[in-house]
Amino acid sequence: MVDVSDKAVTAREAVAECLVRFPDGVAAQLRESGLRSAKGGIVDTAIVAGTMAVKRTHELIPFCHPLPIDGVKLAIDWHGASELLVVCSVKTVHRTGVEMEALTGATVAALTIYDMCKALSHDIVLGPASLAGKRGGKRDFNRHDSTRNDPGRSGQAAGED
């Protein structure tokens, strides 16, 4: 692991996103069902899974530091006719950032959506997944061409931990 002991403790936030693309017929079925599958509520389940993944990122990615997570927000909403956009925002006050935690949360939430819907089709496509922005640390980053929406402002559902 990288030694971060000389870094300043600062407030840090990262936002990541991942698209989930459905075949048109599957998207229509999901819209009609209120985003429910035979397994239950797709969005609520994906939010729980994404939040759990954020908290366990250091167990999944070998060189990630275990971090105190101060906040997680996930938003999942339609992005066009046949895509869901998953946006994961993570906050901490620490010596290292939470980019990997945000990316892990967004992608695990997307994987959960796939799992909840795979009985409808195996033609569901995940991605791209990307870092939309980060604050704190050496430099801030904001992808200007991002499709990001604000997790706290709108969306099919949002969760906070």
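Residues numbered from 1 in each chain as written. Predicted model: local features only at pLDDT ≥ 70, side-chain atom pairs only at ≥ 80, totals over all residues. Heavy atoms only, no water.

K.L.:
How do you make sense of the packing of helix 2 (residues 42-55) against helix 4 (residues 99-117) when you look at a structure like this?
P.N.:
How two helices sit against one another is set out by the angle between their axes and by the gap between those axes. Two elements in contact, helix 2 and helix 4, have axes whose closest approach is 7 Å; the angle formed by their N-to-C orientations is 145°. For the element pair helix 2 and helix 4, the recorded crossing hand is right-handed. Contacts between helix 2 and helix 4 involve Ile42, Thr45, Ala46, Ala49, Gly50, Ala53 and Val54 from the former and Glu101, Thr104, Gly105, Val108, Ala109, Thr112, Ile113, Met116 and Cys117 from the latter. For the contact of helix 2 with helix 4, the per-class residue count stands at ten nonpolar, five polar and one charged. (Axes fitted to C-alpha atoms, helices over the stretch in contact; angles between N-to-C directions. Helix = DSSP H or I, 4+ residues; strand = E, 2+ residues; numbered from the N terminus. Left-handed = near helix turned anticlockwise from the far one by under 90°. Contact = heavy atoms within 4.5 Å. Nonpolar A, V, L, I, M, F, W, Y, C, P; charged D, E, K, R; others polar.)

K.L.:
Sorry if this is basic, but what is going on with the pattern of salt bridges here?
P.N.:
Two side chains with opposite charge may pair up if their charged atoms get near one another. Under the defined criterion, the tally for this structure stands at six salt bridges. Ionic pairing is found between glutamate 13 and arginine 135, a salt bridge with its closest N-O pair at 2.2 Å. In this pair, glutamate 13 is assigned in strand 1 (residues 10-21) and arginine 135 in strand 6 (residues 125-135), connecting sequence segments 122 residues apart. For glutamate 13, a relative accessible area of 14% gives the class buried. The class for arginine 135 is exposed, based on a relative accessible area of 52%. Between glutamate 99 and lysine 134 there is a salt bridge, with the nearest N and O atoms lying 3.8 Å from each other. (Salt bridge = Lys/Arg side-chain N within 4 Å of Asp/Glu carboxyl O. Buried < 20%, exposed > 50% of the residue type's maximum accessible area, 1.4 Å probe, protein only.)

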